[in-house]
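# Tertiary structure, described
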Amino acid sequence: MSVIDILKAKATPYGIGISDDLSEKLSIYAKELREWNEKINLTAILDDEGIAIKHFLDCLLVSKAASFEAGMSVIDVGTGAGFPGLVIAAAHPDVRVTLLDSTGKKLKAVEAMAAAMGVENVKIVHARAEEAGKSPEFREKYDYATARAVAELRILSEYTLPFVKKGGSFLSLKSVTAKEEIGGAKKALGILGGEVEGVTEFTLPGGDNRAIIKIKKISQTSPKYPRPSAQIAKKPL
C-alpha cells in the first residue's frame, strides 16, 4: 500500500475524506519529504505508515478542533518540515497559511515542497517567533495560530498568542501531557489574553494519544510580549 492508500484507509474512521486533489498533493509531499531529508534533517519518520499516520493524518485532524473557512488566515509557528501548516494549506486552498520558522534550510525545503505540490496559498517567513510576534506585519493578524512543538504550553503560548487576532484561536498539537500542561499555563494565558476553550483528544492508529488544545484570544496581548527567548526560557510566565 502507498502512503495515500494507507492514509485513506486510516482516515475514514475519523470522518476525514481525502479528495483526489489532496491525494495528489500529499503523494508529492511524501516523495519530496524523503528526498529533502537526504540533504537536511527534517524528520525521523519516513516509512509509508509513519508519514501517512504520524504526519498527514495527525495534521488533518486539526480540522476536528477548528473551522477553516474561505479567506481565513493561519500561521504555523515553528513549521519545521511543514507540519501542520503545509498539510492544512493543501487541504484548504482557500485559506491563507503563513509558514514561519527560524531555520532557513528547513524553509528552503518547505518552499520547494509546496511548489512541487502546487500549493500556492502559503507564505514563507524566515524569522524568530519572538521577533515576528512584535512586528506590525504579523502581530494579531491571524484567525488561527498552530504549533506542533515540544515546548510546554506556558512557553509556547508566549510565542504564539501574539500572532492571533482577538476572537481567533491558538491550536496547540500535543501528546498525552496536554491536560497537565493546561494547569501550569493558566497564569500565562491570562497575562497573554487567552483562555482554554476546549481540548480535542484522539488516539492515532497504532495507539499514540494526541490532543489539540484550543486557546481562544479574548483580549489583546500586551506590547511587552513576547519577550526575548532567553527571558521566556529563564522566567516562564
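Source: prediction; values computed, not measured.

The next thing to look at is helix 8 (residues 178-192). At Ala185, helix 8 shows its strongest bend, of approximately 55 degrees. Buried residues along helix 8 sit against helix 7 (153-160), strand 5 (164-174), strand 6 (194-203) and strand 7 (209-217). Phi turns positive, to about 95 degrees, at Gly193, one or two residues after helix 8.

What follows deals with the layout of surface pockets. There is about 570 Å³ of room inside the largest pocket. Lining the largest pocket are 22 residues, and of these Phe83, Arg148, Ala149, Val150 and Leu173 sit closest to its centre. Top element by residues in the lining of the largest pocket is helix 3 (residues 48-60). It accounts for 3 residues. Lining the second largest pocket we find 15 residues, and of these Val77, Gly78, Ser102, Ala129 and Tyr159 sit closest to its centre. Looking at the lining of the second largest pocket, the elements that each hand over two or more residues are strand 2 (96-101), helix 6 (129-132) and helix 7.

This part is about the packing of aromatic side chains. According to the stated counting rule, one finds 5 aromatic pairs in the structure shown. Taking the centre distance of 6.5 Å and the plane angle of 70 degrees together, the rings of Tyr142 and Phe163 count as edge-to-face. Here Tyr142, found in strand 4 (residues 142-147), pairs with Phe163, found in the loop between helix 7 and strand 5; they are 21 residues apart in sequence, far enough to count as distant. For the pair shown, Tyr142 and Phe163 are each scored as buried. In textbook terms, an aromatic cluster arises when at least three aromatic residues are bridged by ring pairs, as seen for Tyr29, Phe56 and Phe83. The ring of Trp36 carries Lys39 above its face, with NZ or CZ at 4.2 Å from the centroid.

So, about the sheet that holds strand 6. As summarised here, the arrangement of the 7 strands in space is 3-2-1-4-5-7-6, forming an open sheet in which the pairing is mixed. Either end of the sheet is taken by a strand with one partner, and the two such strands are strand 3 (122-126) and strand 6. Neighbour-to-neighbour, the strand axes of this sheet turn through a mean angle of 20 degrees, independent of strand direction. Where strand 1 (residues 73-77) and strand 4 come together, 3 bridges link them in parallel fashion. Bridge pairing links Asp76 to Thr146 in strand 4.

A word on the pairing of strand 2. By the criterion of burial, strand 2 is predominantly enclosed, with 5 of the 6 residues buried. Sheet topology note: the strand 1/strand 2 ladder contains 5 bridges and is parallel. Bridge pairing links Ser73 to Arg96 in strand 2. Regarding the hand of the β-α-β motif, the stretch spanning strand 1, helix 4 (residues 85-91) and strand 2 is right-handed. The pairing of strand 2 with strand 3 spans 5 bridges and is classified as parallel. Paired with Leu99 across the strands is Ile124, a residue of strand 3.

For the coordinates displayed, the defined rule picks out 13 salt bridges. Across the pair Glu35 and Lys31 runs a salt bridge whose closest N-O atoms are separated by 3.0 Å. Taken together, the residues span about one helical turn, with Glu35 and Lys31 both in helix 2 (residues 20-37) at a distance of 4 residues. Between Arg34 and Asp48 there is a salt bridge, with the nearest N and O atoms lying 2.3 Å from each other.

Between Phe83 and Pro84 the backbone carries a cis peptide bond, its omega angle lying at 0 degrees. Structurally, Pro84 is set in the loop between strand 1 and helix 4. You will see that Glu140, though not glycine, has its phi angle at about 50 degrees, which is positive. Secondary-structure assignment places Glu140 in the loop between helix 6 and strand 4. What makes Glu140 buried here is its relative accessible area of 17%.

Criteria and thresholds
Residues numbered from 1 in each chain as written. Predicted model: local features only at pLDDT ≥ 70, side-chain atom pairs only at ≥ 80, totals over all residues. Heavy atoms only, no water. Bend = angle between axes of the 7 residues up to and from the residue. Helix = DSSP H or I, 4+ residues; strand = E, 2+ residues; numbered from the N terminus. Contact = heavy atoms within 4.5 Å. 1 Å grid on protein atoms, 1.4 Å probe; cavity = no way out; pocket = protein on both sides within 12 Å on 5 of 7 lines; lining within 4 Å. Points joined across faces, edges and corners; volume = space filled by probe spheres on them. Phe/Tyr/Trp six-rings, centres within 6.5 Å; stacked < 30°, edge-to-face > 60°. Buried < 20%, exposed > 50% of the residue type's maximum accessible area, 1.4 Å probe, protein only. Lys NZ or Arg CZ within 6 Å of the ring centre and 35° of its normal. Pairing = 2+ DSSP bridges. Axes fitted to C-alpha atoms, helices over the stretch in contact; angles between N-to-C directions. Right-handed = clockwise from strand over helix to strand, strands pointing away. Salt bridge = Lys/Arg side-chain N within 4 Å of Asp/Glu carboxyl O.

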